[in-house]
Each structure stands twice: as structure tokens, then as C-alpha cells.
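Listed here are the chains, written in short residue letters.
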Amino acid sequence: MQTRVLTGITTTGTPHLGNYVGAIRPAVAASRRADVDAFYFMADYHALIKSDDPARIERSRLEIAATWLAAGLDPSRVTFYRQSDIPEIPELCWLLTCVTAKGLLNRAHAYKAAVDKNVEAGEDADAGVTAGLYMYPVLMAADILAFNAHQVPVGRDQIQHIEMARDMAQRFNHIYGREFFVLPEALIEEQVATLPGLDGRKMSKSYDNTVPLFAGGAKQLREAIMRIVTDSRLPGEPKDPDSSSLYTLFRAFASEGESKAFHQALLDGIGWGDAKQVLYERIEADVAPMRERYDSLMAQPQQIEQILQEGARKARAIAVPKLAELRDAIGLRSASTSSTVSAKSAGSAKADKLPRFASFRDGDGSFRFRLFSAEGEELLLSVSFADPKLAGGVQKRLRQPGASASLLRLPRSIELRLDDAAVAASPEYPDEQARDEALARLSEALDRLAAQE
Ligand code: TRP
């Protein structure tokens with residue numbers, strides 16, 4: 001079985017070497033594994049919490065998409081999309097909001113830090129805090145739970161958010177009486193290097209000590225590397241590799257053998273300037289081909305757009321039926337089916353565990369029915385019958401063990417035929433794969449109906 005691995009990239013700022021080594025490179029490598037079903041997305045709704053500058057939001061989304069593609073992400077293997085192209089995510093965010101204790105959000109680190117800072121400064125506790133910042137963990141939970149992700153690779157600062165997503169999933173599952181959501185786990189890559197920045201502290205935008213990955217080209221890469229702080233040992237004096245940022249950076253790109261040679265060169269007293277040149281050339285060897293792809297993608301934003309649209313289509317093939325299932329489970333149902341449903345299940349989600357037919361009268365006075373799965377997903381809508389007895393007769397035959405119905409695959413839907421006549425059809429699915437998955441659910445529902453008789 002494949003593990004679904006999902007992670008979001010907040011689209012503020014411009015990617016630097018630390019992002020590449022710490023997040024992008026390992027994520028691209030993971031996406032190539034046969035046992036991984038990777039979902040990577042631009043968290044651009046999250047970006048709005050940090051920035052209200054439209055130009056910056058636009059630029060960063062594009063740069064980050066181009067960076068991941070240039071770094072070798074294959075969009076045909078992974079589901080690569082923008083959060084804001086999936087309206088089901090904010091929809092789920094609201095459903096989760098309504099089962100989330102306010103007290104849980106009060107304890108979120110990012111919100112608490114903002115409050116603590118205000119209190120310390122003698123301000124109102126919530127000064128400058130948007131509801132967006134407060135709701136950050138719920139939106140993130142929706143990102144994850146909409147796709148039933150098993151594993152979420154994140155930095156340590158995000159572990160609490162994954163735990164909160166588990167809390168929300170459990171709470172929703174408990175209230176509505178079924179395992180709607182997989183409980184996600186944080187995946188912390190222990191062996192991934194955190195790179196030192198120009199000043200030796202962790203490379204981070206907030207320390208303003210980063211080395212850009214592509215921005216500014218080879219020239220800026222070299223200039224940044226030449227600015228890395230070293231000690232004052234002169235050429236000819238032995239250097240201590242283990243306390244040198246240069247060596248740590250070098251190792252993040254080089255093979256074991258290359259690293260050994262660099263280690264020895266430092267011990268042998270290579271000058272810092274020369275050492276930086278060696279480091280620059282080693283990094284540039286990896287970065288140059290990627291930068292070329294990056295520049296070519298940035299010159300063709302319509303190509304990026306197309307890739308992301310295709311990603312959104314793949315993502316929605318999962319999120320749309322998921323939200324349909326959830327809406328039904330919580331009682332946001334079609335008015336034309338509601339009377340039948342409530343009469344049967346007396347309002348308890350737990351009691352409602354079998355596939356069911358729901359009959360209704362169409363606008364033109366004819367009679368139709370739907371078939372819903374046990375999870376509440378609409379599987380079939382019948383043709384119109386002039387006589388309710390005919391509609392009832394068809395339902396009765398479908399319940400019969402060994403019913404002689406046949407299921408016909410159409411390009412994006414499924415037709416149910418009885419005695420060579422089409423009597424019902426499934427909704428339209430986004431693609432053949434979604435159709436085939438629905439076909440499996442439909443067959444199962446029909447089997448279960450028959451088993452009840
Ligand atoms: N909050 C994450 C970060 O700042 C980004 C993010 C948004 C995310 N939604 C997500 C990560 C869902 C993992 C899963 O790094």
C-alpha cells in the first residue's frame with residue numbers, strides 16, 4: 001500500500017539554500033519512491049496571514065512553484081497544486097472550525113507568542129492579531145484531512161499543528177460516529193541537515209542570513225558565499241573543519257569522497273577565500289542545471305499555470321467526493337431527499353450505516369430516486385418514472401440478490417442497466433480513475449443491499 005505524504009509550502013519569500021536542502025530536495029526524493037503517494041501544495045491562503053501585498057503573494061507563488069519543478073518534482077507522479085484552487089479546503093476548514101474548541105486554538109504556539117509579545121509590551125493581548133492567525137491551525141488541518149494524508153513532513157515548529165489536526169479529526173469522527181478522517185502523523189526528517197547561514201546561525205529568512213537558491217544567478221550565489229563569516233586564520237594555518245560553516249555547507253551537497261578531500265584541504269591550511277571558491281563551485285555544479293530550468297519556467301508562466309491546473313484537477317477528484325460525504329454526514333443534504341432520510345435514521349449518524357435509496361418527486365412531477373452509499377455519497381440518480389410503482393419496482397429489483405443489473409462504464413460516469421435499458425446513472429467524475437473507484441464503491445453498495453434481503 002502507498003503512504004500518502006502531504007506537505008504545504010507557505011508562499012512568502014524567495015527560496016534559499018536552506019529551503020532546498022532541508023525541505024525541497026528530500027521532498028522531491030520522497031516523491032520518487034514507489035511506496036509514496038505525494039501531495040505537495042502551495043499554501044497561499046496561509047500566505048495571506050503573513051502578507052497583504054498582492055504583488056508579493058503573486059511573485060512568491062510563481063517562484064516557489066517554479067523552484068519545486070526545477071528541483072526535479074515530476075508533476076505526473078505527484079499531486080502538485082495551489083491551496084487556493086481547491087475550494088473544498090476552506091469549506092472543510094469551516095466544518096472543522098465548528099468542532100474545534102476555542103481553548104485548543106488559544107494554546108497554539110504562534111498565537112500564544114503574539115499574545116505574550118503584546119502583554120510584555122503592555123498592549124492589549126490581541127493587538128494586531130488577525131482571526132486568520134488564530135485560525136491558522138484549523139486551515140492547516142483542513143489541508144491535511146481533506147486528502148486523508150498519513151504522513152506530513154514538517155519542521156519541528158509545526159508538530160503542534162499536526163497534533164491539533166489529529167485532535168480535530170478525532171473529534172469530528174467521534175461526533176459524527178465514523179472514521180471519516182485518517183489521523184495524520186508528523187514526519188520529522190532527523191538526518192536532513194539544517195544549514196548554517198552567513199553568520200553561522202541556522203539559515204533563515206528571519207535572521208536575514210540566507211544564501212539565495214536561484215535569485216540573482218550564479219553571481220549572487222558566489223557573492224553570498226564569499227560573505228560567509230569565518231575565523232581569522234591566515235592561509236597556511238590549519239582550519240578546524242568541524243567548527244566551519246563552509247564544511248557543513250559543502251557536505252550538504254558533496255559525496256563522501258569529495259567531503260573528505262575538502263576536510264583535508266582545510267586541515268592542510270587552504271585559505272578561506274580559496275575554500276569559499278571550492279564551496280561555490282561545488283554548489284554551483286548542482287544548482288546550475290536547476291537554475292536553467294527555473295529561468296525557463298519563469299519565462300513561461302502559462303506552463304506553470306497549466307501544471308498547477310492539472311494538479312488542482314487531481315486534488316479535487318479526491319476532495320470533492322470527500323466533502324460530499326462530509327456534507328451529507330453532518331446533515332447538509334438535498335432537500336429532495338431529506339424527508340426519507342430523517343424518517344429512517346432518526347437523526348443519528350451512528351445508526352445510519354447501510355447504503356440506501358431515497359425517492360423523490362422531480363420538478364416535472366415524475367418520480368426518481370437516488371442511491372447513497374453507507375457513507376452518504378451519492379452513487380446513482382435514476383431516470384424519471386411516470387409511475388412511482390415503476391420506480392419502486394426498480395429499487396426492489398436492485399435489492400434482489402444476484403440482481404441482473406449491469407454496470408456500464410461511460411467515459412466519466414457509470415450507467416446502470418436493467419433488461420437492456422438505462423435506469424440510473426452516476427454523477428460525473430473528473431477522470432477515469434475516479435470513475436473506476438466510484439464503480440468499486442457502487443458495486444459494493446449493491447452487494448450490501450442484496451445481502452440485507
Ligand atoms: N504551516 C506550514 C509551514 O509554515 C505550511 C503548511 C500549510 C503545511 N498547510 C500545511 C504543512 C499542511 C504541512 C501540511 O511550514
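Counting from 1, residues in each chain are numbered in the order their sequence is written. In keeping with the model being predicted, local features are shown solely for residues with a pLDDT of at least 70 and side-chain atom pairs are shown and tallied solely at 80 or more, while totals for entire chains, interfaces and linings include all residues. Here the side-chain values reflect all heavy atoms present in the structure, with hydrogen atoms and water set aside.

(A) Spotlight on the overall build of the protein chain. Helices and strands together make up the secondary structure of the protein chain, namely 16 helices and 11 strands. If you take every contact in the protein chain between residues at least 6 apart in sequence, the share linking residues at least 24 apart comes to 68%. About 22,000 Å² of surface is accessible on the protein chain, with carbon and sulfur atoms providing 51% of the total. The distance from the centre of the 55 positive side-chain charges to the centre of the 62 negative ones in the protein chain is 4 Å. Helix and strand assignments follow DSSP, with helices taken as H or I runs no shorter than four residues and strands as E runs no shorter than two, numbered in order from the N terminus. Contact between two residues is taken to exist if any of their heavy atoms lie within 4.5 Å; hydrogens are not considered. For the area figures, the Shrake-Rupley method with a 1.4 Å probe applies, and any residue is considered shielded solely by the protein chains shown. Positive charge is attributed to Lys and Arg, negative charge to Asp and Glu, and no charge count is given to His or to the chain ends. Positions of charges follow a simple convention, taking NZ of Lys, CZ of Arg, CG of Asp or CD of Glu.

(B) Looking closely at the layout of surface pockets. Cavity and pocket criteria rest on a 1 Å grid covering protein atoms alone: a 1.4 Å probe that fits but cannot get out defines a cavity, protein on both sides within 12 Å along at least 5 of 7 lines defines an open pocket, and an atom within 4 Å of a point defines a lining residue. Grid points are joined across faces, edges and corners, and a volume is the space filled by probe spheres set on the points. Of the pockets and cavities examined, the second largest pocket occupies roughly 800 Å³. Considering the residues around the second largest pocket, the lining is formed by 29 residues, among which A317, I318, P321, E437 and R441 are closest to the centre. Elements represented by at least two residues in the lining of the second largest pocket include exactly β2 (36-43), α13 (301-330) and α16 (432-452). A class-by-class count of the residues in the lining of the second largest pocket yields 12 nonpolar, four polar and 13 charged. Source of the domain bounds: an automatic or database domain assignment. For the lining of the second largest pocket, the two domains that each supply at least three residues are domain 1 (3-192) and domain 3 (335-452). Classification used: nonpolar for Ala, Val, Leu, Ile, Met, Phe, Trp, Tyr, Cys and Pro, charged for Asp, Glu, Lys and Arg, polar for all others including Gly.

(C) Representation of the site of the ligand within the structure. If you check the shell around the ligand, you find 14 residues, and the closest are G8, Y136, M140, D143 and Q158. Here a polar contact means two N or O atoms within 3.5 Å. Within protein one must be a hydrogen donor candidate and the other an acceptor candidate, and residues neighboring in sequence count only if both atoms are side-chain atoms. One of the side-chain nitrogen or oxygen atoms of T10 is found 3.4 Å away from an oxygen atom of the ligand. Contact between the ligand and D143: a nitrogen atom at 2.7 Å from a side-chain N or O atom of the residue. Here the ligand loses 88% of its free accessible area of 360 Å² to cover by the protein chains. Of all elements in the fold, only β1 (3-10), β2 and α7 (131-145) reach the threshold of two or more residues within the shell around the ligand. Class assignment of the residues belonging to the shell around the ligand gives a composition of eight nonpolar, five polar and one charged. We call a residue near a molecule or strand whenever a single non-hydrogen atom of that residue lies within 4 Å of it.

(D) The arrangement of unusual backbone geometry in detail. Its identity as a non-glycine residue notwithstanding, D419 has a phi of 50°, on the positive side. Considering the arrangement of structural elements, one finds D419 in the loop between β10 (414-418) and β11 (421-425). For D420, which is not glycine, the phi torsion reads 70° and is therefore positive. Within the fold, D420 resides in the loop between β10 and β11.

(E) Representation of the domain arrangement of the protein chain. Per the domain assignment, the segments making up the protein chain are domain 1 (3-192), domain 2 (205-298) and domain 3 (335-452). With centres defined by C-alpha atoms, the gap from domain 1 to domain 2 works out at 31 Å. Buried area adds together the accessible area that both of two parts lose upon being put together, with accessible area traced by a 1.4 Å probe. Summed over both partners, the interface of domain 1 with domain 2 comes to about 1,500 Å²; 73% of that surface belongs to carbon and sulfur atoms. The largest share of the area that domain 1 buries against domain 2 comes from H16, L17 and A70, three residues that together contribute 41% of it. Here, a salt bridge means any side-chain nitrogen of Lys or Arg that lies within 4 Å of a carboxyl oxygen of Asp or Glu. Linking domain 1 with domain 2 are zero salt bridges. Here domain 1 and domain 2 share four residue pairs in polar contact (both at pLDDT 80 or more) between them.

(F) Fine view of the pattern of salt bridges. Summed over the entire model, instances satisfying the criterion amount to 26 salt bridges. Ionic pairing is found between R441 and E377, a salt bridge with its closest N-O pair at 2.7 Å. With R441 in helix α16 and E377 in the loop between β7 (367-372) and β8 (378-382), this pair connects stretches of sequence that are 64 residues apart. Each residue is placed in one exposure class: buried if its accessible area under a 1.4 Å probe, protein chains only, is under 20% of its type's maximum, exposed if it is over 50%, and partly exposed if it falls in between. Given a relative accessible area of 29%, R441 falls into the partly exposed group. Accessibility expressed as a relative area gives 9% for E377, which makes it buried. One network of salt bridges, in which partners are shared, links R82, D85 and E305.

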